[in-house]
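# Examination of the molecular architecture
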Amino acid sequence: LCARISYLINGHDGIMSASLATLLLSLGTIFGYVTMWFFGRQNSNGDFLMGDYHEDIFQLLLGLSAVFFGLSCSPPWAALPIPMLLAESLALWVITKQLRYAFLTVFVFFTCCSILIVYRLTFLTETVEIMPGKQILLKTFARVSMFATMWLIIIIGLVHRAPGGIGKDLMKKYDATGASFAIYGFVLGATEFSLLRQPMPVYSRDSFEFGRVAVYSSSAVYCTGVLTLLIVWHLKAQKLIKGESAVVASSTALGKMIAVIIQPNIVGVDNSLSAMYLRWTVASLLLMTICCPYALRPVYIKSSNQLPKNASMIVVAYCAVILPLVIIASVRLVLEPLVGLLTGHNNTAFFVTSPKFSEVLGYSAALWGVSVLSMVNHYLPNGGGEVWKRVAALTLIMGLFVSFSAPAFPGSATSESSDLFLSVSSNSAVESEVATGGWGLVSAFLAVLLALTGPLELREVKDSAGRKDSRQFLRLMIFGLMFGCGLAWFIVMQSMSKDVFIPIFVTAFSCMVMSTLGTVCAVMGYFLETQEFGEVEQIANVWAVVAFPVFFVISSVSLSAHAHPFGIGGWASTYLSVCGLLAGAFCILVRMRKDKTSTTRGYGNVGCIISWLCTIIVIYGRYGIAGVGVVGVTTVVGIPVSILATLSASPILILLEGEGSSSSKYTHQRSATKSKWHGLVLTKLTRRNWIAPLLIGTVGVFITASLYAIFLRGCGLSKFSFLFGANDVITNQEDVFSHIFGSKRTTGIGALDDVATMAQKSVVHTKTMIAAARLSGSGIWTAKSIIGPFMHLLGLAATLPSLQFLVQHSWYGKAPLFGKLVLALPLNILSIIVGRGIPSLVAAATIGLIGGALQLTTIKNR
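All values derive from a computational prediction rather than experimental measurement. (Residues numbered from 1 in each chain as written. Predicted model: local features only at pLDDT ≥ 70, side-chain atom pairs only at ≥ 80, totals over all residues. Heavy atoms only, no water.)

## Concerning the overall build of the protein chain
For the protein chain, the count of helices and strands is 31 helices and 8 strands. Residues counted as buried form 43% of the 862 residues belonging to the protein chain. Expressed as a percentage of contacts within the protein chain between residues at least 6 apart in sequence, the contacts between residues at least 24 apart total 71%. With an accessible surface of roughly 44700 Å², the protein chain has 67% of that area assigned to carbon and sulfur atoms. (Helix = DSSP H or I, 4+ residues; strand = E, 2+ residues; numbered from the N terminus. Buried < 20%, exposed > 50% of the residue type's maximum accessible area, 1.4 Å probe, protein only. Contact = heavy atoms within 4.5 Å. Areas by Shrake-Rupley, 256 points an atom, 1.4 Å probe, with all protein chains shown as cover.)

## Considering the packing of aromatic side chains
As enumerated under the stated definition, the model contains 16 aromatic pairs in all. Ring geometry for Phe-548 and Tyr-575: centres 5.7 Å apart, planes at 45°, overall tilted. Of the two residues, Phe-548 sits in helix α19 (residues 533-556) while Tyr-575 sits in helix α20 (residues 571-591), which places them 27 residues apart along the sequence. By the ring-pair criterion, three or more aromatic residues cluster together here, those being Trp-543, Phe-548, Phe-552, Trp-571 and Tyr-575. Taking the ring centre of Tyr-623 as reference, the NZ or CZ of Arg-622 above it sits at 4.6 Å. (Phe/Tyr/Trp six-rings, centres within 6.5 Å; stacked < 30°, edge-to-face > 60°. Lys NZ or Arg CZ within 6 Å of the ring centre and 35° of its normal.)

## Details of the nonpolar core
Buried together is how nonpolar side chains tend to be arranged in soluble globular proteins. Counting 51 residues, the largest nonpolar core has Phe-479, Phe-483 and Tyr-575 as the members making the most contacts within it. Of all the secondary-structure elements, those providing two or more residues to this core are α16 (438-453), α17 (472-496), α18 (501-527), α19, α20 and α21 (598-623). Setting aside anything within four residues of it in sequence, one finds Tyr-575 in contact with Ser-510, Cys-511, Met-514, Ala-547, Phe-548, Phe-551, Phe-552 and Ser-555. Formed by 32 residues, the second largest nonpolar core is a distinct cluster that contains Cys-587, Ala-649, Leu-841 and Ile-847. (Core = buried A, V, L, I, M, F, W, Y, C linked by side-chain atoms within 4.5 Å.)

## Focus on the pattern of salt bridges
Scanning the model with the defined rule gives 6 salt bridges in all. Put simply, Glu-657 and Lys-596 hold a salt bridge, and the shortest N to O gap is 3.0 Å. In this pair, Glu-657 is assigned in the loop between α22 (641-649) and α23 (692-711) and Lys-596 in the loop between α20 and α21, connecting sequence segments 61 residues apart. A relative accessible area of 14% means that Lys-596 is categorised as buried. One network of salt bridges, in which partners are shared, links Arg-591, Lys-596 and Glu-657. (Salt bridge = Lys/Arg side-chain N within 4 Å of Asp/Glu carboxyl O.)

## Examining the packing of α19 against α20
Across the interface, α19 lies against α20 with an axial gap of 10 Å and an inter-helix angle of 170°. The angle between the axes of α19 and α20 places the two elements in the roughly antiparallel class. Facing Val-536, Trp-543, Ala-547, Phe-548, Phe-551, Phe-552, Ser-555 and Ser-556 of α19, the residues of α20 in contact are Trp-571, Ala-572, Tyr-575, Leu-576, Cys-579, Leu-582, Ala-583 and Phe-586. Looking at side-chain class alone, the contact of α19 with α20 contains 14 nonpolar, 2 polar and no charged residues. (Axes fitted to C-alpha atoms, helices over the stretch in contact; angles between N-to-C directions. Parallel < 35°, antiparallel > 145°, perpendicular 65-115°, else oblique. Nonpolar A, V, L, I, M, F, W, Y, C, P; charged D, E, K, R; others polar.)

## Observations concerning the side chain of Asn-828
Summarising the element assignment, Asn-828 is placed in helix α30 (residues 818-834). Here Thr-799 takes part through its side chain, which lies 2.7 Å from a polar atom of the side chain of Asn-828. (Polar contact = N/O pair within 3.5 Å; in protein donor to acceptor, adjacent residues only side chain to side chain.)

## Side note on a nonpolar patch on the surface
On the surface, a nonpolar cluster with roughly 1000 Å² of combined accessible area is contributed by Leu-707, Phe-711, Leu-712, Ile-780, Trp-781, Ile-786, Ile-787, Phe-790, Met-791, Leu-793 and Leu-794. Among the secondary structure elements, those contributing two or more residues to the nonpolar patch are α23 and α29 (787-812). Here the nonpolar patch gets 5 residues from one element, more than from any other, and that element is α29. Relative to the elements of secondary structure, Leu-794 occurs in helix α29. (Patch = residues over 30% accessible without salt bridge, like charges linked within 9 Å, V, L, I, M, F, W, Y side chains within 5 Å.)

## Some points on empty space enclosed by the protein
Rolled over the atoms, a probe as big as a water molecule pinpoints where empty space is left. All told, the structure shown has 2 cavities of 30 Å³ or more when counted by the stated rule. A volume near 50 Å³ is recorded for the largest cavity. Along the walls of the largest cavity sit Gly-185, Leu-188, Thr-228, Ala-249, Thr-252, Ala-253 and Lys-256, which together make up its complete lining. Looking at the lining of the largest cavity, its residues break down into 3 nonpolar, 3 polar and 1 charged. The calculated volume of the second largest cavity comes to roughly 40 Å³. As for the second largest cavity, its lining consists of Cys-587, Val-590, Arg-591, Thr-600, Arg-601, Gly-604, Asn-605, Leu-655 and Glu-657. At 4 residues, the largest contribution of residues to the lining of the second largest cavity is made by α21. (1 Å grid on protein atoms, 1.4 Å probe; cavity = no way out; pocket = protein on both sides within 12 Å on 5 of 7 lines; lining within 4 Å. Points joined across faces, edges and corners; volume = space filled by probe spheres on them.)

Dropping the structure here:
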């Protein structure tokens, strides 16, 4: 960074040397720590440490730190007052929260950027397409970016402002902060789109252009989008902006990310700037339409028959007119490409297919159903709109099943394949002969329809005499067979359809039994009364304690040679996927009960934990720690899929329910059962610390994966090949690269690659090489020197204090001491630097860094 800034200031001849820049940065960091320690320091008598000169010495230390940081970028000596003025204005702004010092910071930033633009960009004739068909000079584009950044600083000043400022009430009334932030989001998206579509030239020392490089990447767009969403969520939670502005800003940020995700992944479409703007507009409009009901004030009524006329008109206009029109308008530009990406039709450069019409129709219907349910539940919280709720729920179920079972319907997807690749791989007819299991979802959908229409009524139906329903269990078993077996068959065929008959048969049998038993248990857990919940306990105990390990062992008998057991298409991952899905369904249905006890909540928590553990095992079995040795997509926006999937799976733990989190109006005694175990009862989990389980689970997974990478990866698990697969034998550093080069391992294991797959895998060789090199140097069994594993272990130990503070704060609500937090926070940066070889370690350190910064903000506000 220092070298780049010094190059911008002085050109080729003025680049700062690495040793001198390191020395100056170290001195600046030391004086920065001393400044933070000295600020507000008092003696035992309660007076400032240096008396009347305390403030002067503080400013002197702050100026020295800024000077050393400025010198590390090799500026002219005449420009040294600029970093000092910038540091002083920032310090005054943070301490006093007065808007005048924010404008002083803006003025310093404007001075620096204006000098740089005039000095470096005045004589360049390069143009940038800022809007479709509108070209501007690079100098003008830099000024637009400068003013956008100044606008952002002013927005921060409006948020971080002392109470009682001039015009604060008026600005809050008209939500000036929210409107300003929404405008900044639009300007930011426009500048990012321009940089994505415009590669910049690279000049030599004699000012000759010798190439062009992309100066902006999609990863930066995703990072700015996620940051925008986090800031909007924080501002909305603090009631600093209104709901309307939050909807507009968040929809703009999400729409920007969707447009960027679609553009580079779809082959054969218009990738111009105008097409990107159009997709951005349509996606943002769709998201605004879905989220806009949350800007409405809920209507509270005593009875559903007393619904006001204007409320009824709003519901009808939104559900029947506005939302369908917007969804129909976004099908071609947004929904169809997204469905193609989700279903894997457009994730490869060699086989390009379009999703079926039934898939797009199903996902669109499901989106309408979810949006209508969300709108009615928010707008009419006390009841009303029951017809719309039923129609939306039925449409959601029908849409999901139609989209998932689309391969079973007549008609085939259009495909455009690469003849050259097909001639090399000899793989032209394989994909078309693979079964998809779509009829399994048809069976599950029929079971749901029969349950909704009455033939398979799942509730207890008593006659006029009040006698107990004797056929309820029979209906439950029929529903469990139709729904559970159909769902299990679909998952098994989607995962293992390329395998031979025996592994498919054994795994499908085990999954069907577990799915049927789990479906019956989940339905009974929702419909049975509390006094009869003992039957659910018995079935749940049999499912989790007896059936789960027994059928896991039975599935292992398949011993498929086509896939790793825990990888894609493996028997273990398929079995765990079915069990995890059913455990999650049981948890959701038990949590939805009206009458709850500690036993119902405890068993629901057990189902939640089982579902989450199965998901984590499947994720890391499929993608590993860094995606080394995995065929297919291993990174998204430069982040390993295993990291993103772990974060995506963490919301499962939201389903955990504590004893103080239930809002049920009913009170019951414990269920009449002889069992002394009541599941996982969380007495200290409340609505205030609901995020603690997510944080604990995610951090625990990242720490466990880091320890595995350091101490166990590559140790050679050939003795347990029946469980881990024979291709896990890695005993030296050369074996780590065998999957990349396609050569024979030094341990004698055959090569994983052949000539047929080298063409397809050449796309990801570079990224895989980097990941493999870093990962191999982090483990004691694969590294050539002990220094690499020791540095990664040091990085793991450095991030533990921040993670401990964060977990304790989230669970107990007690913030750590300010001094300890300040000392532990920079250690996460050290972990990120020294632990780059293990993505899970970097992710854990990033969580510690962001969480520590939020803790500092919370402590300061208090």
